[in-house]
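Chain by chain, the residues run as shown.
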Amino acid sequence: MIAVVAMAENRVIGDGKGLIWHIPNDLKRVKTLTMACPLIMGRKTWDSIGRPLPGRASIVMTRDRSWTADGAIAVSNLEAAIEAARSWIENTTGSRSDIILFGGGEIYSQGLKYCHRVERTVIAKKLDGGAEAAYFPELPPADWDIEIEAEVGATDDVPAYRYESALRREPPRQF
Ligand SMILES: NC(=O)c1ccc[n+]([C@@H]2O[C@H](COP(=O)([O-])OP(=O)(O)OC[C@H]3O[C@@H](n4cnc5c(N)ncnc54)[C@H](OP(=O)(O)O)[C@@H]3O)[C@@H](O)[C@H]2O)c1
């Protein structure tokens, strides 16, 4: 399982309702990293996107057993989400074998233990996500080997950011 995230330097990932930046090239990168994969996301992240992302499965974690949405696969816990993701991969022609931990903050903090890799975009400034801010967990250097893959300078519209790839030093927890 791979976590894909964009975060500020202080690990803020959003204000609880959506993203607080717009970086078109990062959205393209997310598309490339996730295409043909199942995405595991929280119900609040689903609400912030508002639709299934094409070419991928949207597996949505909610504690509300009656929740449904067109194009979403609803599950009631993380292990059920992983099972649904495996089943989608097995039954979908052209699928890739990566399961993507897609956020938000609650889902990253519960699912990171199963991830062997994190692909993160780090926006090179601290941002205020407000009272409902969501965060990505810390990646302690003792557990993660982090490489910077590219650095992009600021423009008028977009702050500076970098792409990092983090590999877990020991295998992740299995399920
Ligand atoms: N920058 C990024 O890369 C990125 C990526 C994704 C999201 N985000 C941002 O993150 C924010 C949302 O994050 P968030 O932490 O507030 O919410 P979230 O993680 O997206 O969703 C939380 C919801 O997931 C469900 N849930 C959580 N744990 C569960 C469990 N163990 N079993 C079943 N259901 C469970 C609950 O839904 P119910 O309330 O329905 O029970 C809970 O309210 C938004 O601002 C979004 O834009 C950013």
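Residues numbered from 1 in each chain as written. Predicted model: local features only at pLDDT ≥ 70, side-chain atom pairs only at ≥ 80, totals over all residues. Heavy atoms only, no water.

Regarding the side chain of Asp 26
Relative to the assigned elements, Asp 26 resides in helix α1 (residues 24-34). Side chain to side chain, Asp 26 and Thr 121 meet in a polar contact 2.6 Å long. If we ignore the near neighbours within four places in the chain, the residues touching Asp 26 are Ala 6, Thr 121 and Tyr 163. (Helix = DSSP H or I, 4+ residues; strand = E, 2+ residues; numbered from the N terminus. Polar contact = N/O pair within 3.5 Å; in protein donor to acceptor, adjacent residues only side chain to side chain. Contact = heavy atoms within 4.5 Å.)

A short note on the packing of aromatic side chains
All chains considered together, the criterion is met by 4 aromatic pairs. With a centroid separation of 6.1 Å and 90° between ring planes, the pair formed by Trp 46 and Trp 67 is classed as edge-to-face. Here Trp 46 is found in helix α2 (residues 43-49), whereas its partner Trp 67 is found in the loop between β4 (57-61) and β5 (72-75), with 21 residues between them in sequence. A residue is classified by how much of its surface remains accessible, and Trp 67, at 15% relative accessible area, is buried. When the ring of Tyr 161 is compared with that of Tyr 163, the centres are 5.6 Å apart and the planes differ by 65°; the resulting orientation is edge-to-face. Of note, Arg 29 hangs over the ring of Tyr 163, and the distance from its end group to the ring centre comes to 4.0 Å. (Phe/Tyr/Trp six-rings, centres within 6.5 Å; stacked < 30°, edge-to-face > 60°. Buried < 20%, exposed > 50% of the residue type's maximum accessible area, 1.4 Å probe, protein only. Lys NZ or Arg CZ within 6 Å of the ring centre and 35° of its normal.)

Section: the site of the ligand
Around the ligand, the surrounding shell holds 30 residues, and the nearest of these are Ala 6, Arg 43, Thr 45, Thr 62 and Gln 110. In the environment of the ligand, an oxygen atom lies 2.9 Å from a nitrogen or oxygen atom belonging to the backbone of Gly 16. Take Arg 63: an N or O atom from its main chain is 2.8 Å from an oxygen atom of the ligand. Burial of the ligand by the protein amounts to 89% of the accessible area it has alone, namely 940 Å². Of the pockets mapped on this structure, the ligand occupies the largest pocket. Per-element tally for the shell around the ligand: the top contributor is helix α4 (residues 105-111), with 5 residues. Taken together, the residues of the shell around the ligand break down into 10 nonpolar, 13 polar and 7 charged. (Near = heavy atom within 4 Å. Areas by Shrake-Rupley, 256 points an atom, 1.4 Å probe, with all protein chains shown as cover. 1 Å grid on protein atoms, 1.4 Å probe; cavity = no way out; pocket = protein on both sides within 12 Å on 5 of 7 lines; lining within 4 Å. Sits in = over half its atoms within 2 Å of the grid points. Nonpolar A, V, L, I, M, F, W, Y, C, P; charged D, E, K, R; others polar.)

Considering helix α3 (residues 78-91)
With 14 residues, α3 should cover 20 Å at 1.5 Å per step; its first-to-last C-alpha distance of 20 Å lies within 8% of that length. Considered for burial, the residues of α3 that qualify are Leu 78, Ala 81, Ile 82, Ala 84, Ala 85, Trp 88 and Ile 89. The buried residues of α3 occupy one face: seen down the axis, they fall within an arc of 160°. For α3, the exposed residues lying more than 90 degrees away from the buried face are Glu 90 and Asn 91. Here the buried face of α3 lies against β3 (38-42), β4, β5 and α4. Capping the start of α3, Asn 77 holds a side-chain oxygen 3.1 Å from the backbone nitrogen of Glu 79, two or three residues further along. (Expected span 1.5 Å × (residues − 1). Arc of directions from axis to C-beta.)

Some remarks on the layout of surface pockets
Of the volumes computed, that of the largest pocket is approximately 1200 Å³. Contributing to the lining of the largest pocket are 44 residues, with Thr 45, Ser 48, Phe 102, Gly 103 and Gly 104 lying nearest its centre. Of all the secondary structure elements, the ones that give two or more residues to the lining of the largest pocket are β1 (2-8), β2 (12-14), α1, α2, β6 (100-103), α4 and β8 (134-135). Class assignment for the residues of the lining of the largest pocket results in 19 nonpolar, 14 polar and 11 charged. In this model, the second largest pocket occupies a volume close to 170 Å³. Lining the second largest pocket, in full, are Met 1, Ile 82, Arg 86, Ile 99, Tyr 114, His 116, Pro 172, Arg 173, Gln 174 and Phe 175. Of the residues contributing to the lining of the second largest pocket, the split by class is 6 nonpolar, 2 polar and 2 charged. (Points joined across faces, edges and corners; volume = space filled by probe spheres on them.)

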